[in-house]
Amino acid sequence: MKKILTPLLVMSFHFISSQETKACKCVQFEKLKDSLSQSHPFFQPVTEEDALIPPFTYISVKYIKAAAKSENIIDPVYQRIKDLQLDSIDALYAIMQEEFSKKVNDIPIPLIIKKEKFKGTIAILYTTDSFLSKNYYIKISKDNGKTWQNYFTGLVANHYYFLKSNSKYPLWKDESHIQIEADITRMTKHLVYGETPKYTVVKNNALLTLDLAEILKDSDGDGINDIEETQKLFTNPYSKDTDGDGISDAEDNNPKYTTAENDFTKLLKGIIYGNYDFVKSNDPSHEEFFIPLATFDEDLKTQRNELPKREKEFLYSLDYKVIVTDNDNLKRLEPIDEKILFLTPKEFAEYQKTSYMYHFNPYYSKVFPCDEERDTYIFMIEGSMTGTTYLIKRTPGGWNIETFNVWMA
Ligand SMILES: [Ca+2]
Ligand SMILES: [Ca+2]
Ligand SMILES: [Ca+2]
């Protein structure tokens, strides 16, 4: 049996532990458990009044009489599925793949809200397609589609706007503003396992105007606008290369810290990218594996080759994981084929303030030493829906990793 990347065990309550009797007497872990059980009901719906206040000064809202209706938006995938009355997941997935493979400038057509040319400049307003958090971006070309620049608008779907692709207003209001109709929504119930978040519409007739000067501002010219650097990436908007390793923020998979392999980065890499055999145990709920350090690089390479490859797509480059840690060794990890943001707990608190949607980022993790047992550590993969805690022991040959706790909301 192999270790898999997402927890297999499905349990109904937080912190059902198969290893309760072997619990690590780590004070920090006990504190963390307390803070987690308090932080899970974090969700506070915004009031209707607050949802009506534009979240940024570069966005203004007016209310129109004849508004487009979001319920009339035609989703090409949904439309085809509905007509075919599909009963198999594979057939459904094939249709989704087919529709998403139709693209304009690397953006799948089902994700495009509007595309329009104005005085020689083409703009494409679109959304990313992450299930957990759909972000609104705008792509701009000033040379008739030869080259494109990509800009984060600062907006996340339903926080507090749902942008309407059937808006009859032209996308360009004038050469420095774009406009789009939107429902103003607020989330009333946050995402729990097996359900999608619930939203109510506060106003269904908003017309948003976005000041392009703010959105297009890329002070350091690294290809990521100031809004994305400050709100999403926590990189320096005034430096092309935040960590000074010679790789620009846009290209860097770990833009905040210079990468350097050490035993701790190997541990983390082994957990998140490895595919190790479980140690045999009589207890079926007990899972344990070992990461040998001497052969780490070759082992990982072999294991990665056994896994299906993910295609490198433009939208994928906008995706990232968040790992929360104070551990200076861990921050030096070189991510494989993805972007990881290492945030300190303080930065993470800030990050959660900018958008509650980001609470749903499925990779909130911590690694810290257990205070009573030498060379023993705890690492958690935390999400809104599932979490796994690993109890880790350092041995002369490598890391012994025990699945200590698996929960699902
Ligand atoms: Ca920048
Ligand atoms: Ca930068
Ligand atoms: Ca860099």
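Residues numbered from 1 in each chain as written. Chains lettered and ligands numbered in written order. Predicted model: local features only at pLDDT ≥ 70, side-chain atom pairs only at ≥ 80, totals over all residues. Heavy atoms only, no water.

1. Regarding the coordination of the calcium ion (ligand 1)
To be explicit about the condition: Distances up to 2.8 Å from the metal define which N, O and S atoms are donors, and 3.2 Å serves for Na, K and Ca; water is absent from the atom set, so sites may look incomplete. Burial status follows relative accessibility: with a 1.4 Å probe on protein chains alone, a residue under 20% of its type maximum counts as buried, one over 50% as exposed, and anything between as partly exposed.
Within the protein, Asp 218 (OD), Asp 220 (OD), Asp 222 (OD), Ile 224 (O) and Glu 229 (OE) serve as the donor atoms for the calcium ion (ligand 1), at 2.1 to 2.3 Å. Mapped onto the sequence, the residues coordinating the calcium ion (ligand 1) show the spacing D-x1-D-x1-D-x1-I-x4-E. If you look at the calcium ion (ligand 1) and the calcium ion (ligand 2), they sit 4.1 Å from each other and are both ligated by Asp 220. Comparing Ile 224 with Glu 229 shows no difference in burial state: the two are buried.

2. Considerations on the side chain of Thr 344
Here is the rule: By definition, any uninterrupted DSSP run of H or I lasting at least four residues is a helix, any uninterrupted run of E lasting at least two residues is a strand, and each is numbered from the N terminus. Contacts: residue pairs with any heavy atoms within 4.5 Å of one another.
Examined against the element boundaries, Thr 344 turns out to sit in the loop between β14 (340-343) and α9 (345-354). Contact partners of Thr 344, with chain neighbours within four places excluded, come to Tyr 257, Val 324, Thr 325, Asp 326 and Lys 331.

3. Examining the packing of helix α7 (residues 263-273) against helix α8 (residues 296-306)
Relative placement of two packed helices is described by the angle separating their axes and the distance separating the axes. The line we're drawing: Axes here refer to lines fitted to C-alpha atoms; in helices the fit is confined to the stretch in contact. Angles between the N-to-C directions go from 0 to 180 degrees. In these notes the angle categories are as follows: under 35 degrees is roughly parallel, over 145 is roughly antiparallel, 65 to 115 is roughly perpendicular, and the rest is oblique. For any helix crossing, the convention is left-handed if the near helix is rotated counterclockwise from the far helix by under a right angle, and right-handed if that rotation is clockwise. Under the scheme applied, nonpolar residues are Ala, Val, Leu, Ile, Met, Phe, Trp, Tyr, Cys and Pro; charged residues are Asp, Glu, Lys and Arg; polar residues are all the others, including Gly.
Running from amino to carboxyl end, α7 crosses α8 at an angle of 15°, the nearest separation of the two axes being 11 Å. One way to sum up the angle between α7 and α8 is to call them roughly parallel. In this structure, α7 crosses over α8, and the sense of that crossing is left-handed. Facing α7, whose interface residues are Lys 266, Lys 269, Gly 270 and Tyr 273, α8 presents Phe 296, Leu 300 and Arg 304. Of the residues contributing to the contact of α7 with α8, the split by class is 3 nonpolar, 1 polar and 3 charged.

4. Structural notes on the nonpolar core
Applied cut-off: As used here, the term nonpolar core means buried Ala, Val, Leu, Ile, Met, Phe, Trp, Tyr and Cys residues forming a set that is joined through side-chain atoms within 4.5 Å. Note that the domain bounds reflect an automated or database-derived domain assignment.
The biggest cluster of nonpolar side chains holds 45 residues, and the ones touching the most others in it are Tyr 126, Ile 138, Tyr 161, Leu 163 and Leu 208. Residue contributions to this core peak at 5 residues, all from strand β5 (residues 121-127). The residues that make up this core include at least three from each of domain 1 (20-41 + 253-408) and domain 2 (45-216). Core analysis: the second largest hydrophobic core is formed by 25 residues, Leu 267, Tyr 273, Phe 289 and Ile 381 among them.

5. Topic: the packing of aromatic side chains
Any aromatic ring pair is given by two values, namely how distant the centres are and how the planes are angled relative to each other. Which entries qualify depends on this criterion: Aromatic pairs are defined between Phe, Tyr and Trp rings, using the six-membered ring for Trp, whenever the two ring centres lie within 6.5 Å; interplanar angles under 30 degrees are classed as stacked, those over 60 as edge-to-face, and all others as tilted. Here, a charge over a ring means that NZ of Lys or CZ of Arg falls within 6 Å of the ring centre while also lying within 35 degrees of the ring normal.
The tally for this structure, following the rule as stated, stands at 11 aromatic pairs. With centroids separated by 5.8 Å and ring planes inclined at 75°, the aromatic side chains of Tyr 377 and Trp 399 adopt a geometry described as edge-to-face. You can see Tyr 377 sitting in strand β16 (residues 376-382) and its partner Trp 399 sitting in strand β18 (residues 398-408), a full 22 residues away along the chain. The burial state of Tyr 377 is the same as that of Trp 399; both residues are buried. Seen from the ring of Phe 314, Lys 139 lies directly overhead, with NZ or CZ sitting 3.9 Å from the centre. When the ring centre of Phe 152 is taken as origin, the NZ or CZ atom of Lys 232, which lies over that ring, is 4.8 Å away.

6. Points about the coordination of the calcium ion (ligand 2)
In this structure, Asp 220 (OD), Asp 222 (OD), Glu 229 (OE), Glu 229 (OE), Asn 236 (O), Ser 239 (O) and Asp 249 (OD) serve as the protein donors to the calcium ion (ligand 2), at separations of 2.3 to 2.6 Å. Mapping the donors of the calcium ion (ligand 2) onto the primary sequence gives the spacing D-x1-D-x6-E-x6-N-x2-S-x9-D.

7. Structural notes on the confidence of the model for the protein chain
Applied cut-off: The pLDDT score gives, residue by residue, the confidence of the prediction method on a 0 to 100 scale.
Looking at the protein chain as a whole, its pLDDT mean stands at 83, while 81% of the residues score no less than 70. Contacts for the low-pLDDT stretch residues 4-23, under 50 throughout, to residues beyond four places or in other chains number 40 contacts. Contacts from residues 37-41, a stretch scored under 50 in pLDDT, to residues over four places away or in other chains number 5 contacts.

8. Observations regarding the pattern of salt bridges
To keep things clear, this is the line we draw: By definition here, a salt bridge exists when the distance from a side-chain nitrogen of Lys or Arg to a carboxyl oxygen of Asp or Glu is within 4 Å.
Throughout the structure, instances matching the rule amount to 12 salt bridges. Across the pair Lys 256 and Glu 347 runs a salt bridge, and its minimum N-O distance is 2.8 Å. Of the two residues, Lys 256 is situated in the loop between α6 (226-233) and α7 and Glu 347 in helix α9; the sequence distance between them amounts to 91 residues. A relative accessible area of 13% places Lys 256 in the buried class. Across the salt bridge formed by Glu 338 and Lys 321, the nearest N and O atoms sit 3.1 Å from each other. One end of the pair, Glu 338, is in the loop between β13 (321-324) and β14; the other, Lys 321, is in strand β13, and 17 residues separate them in sequence.

9. Notes on the environment of Trp 407
Summarising the element assignment, Trp 407 is placed in strand β18. Considering only alpha carbons, one finds Trp 407 and Glu 382, 25 residues apart in sequence, at a separation of 9.4 Å.

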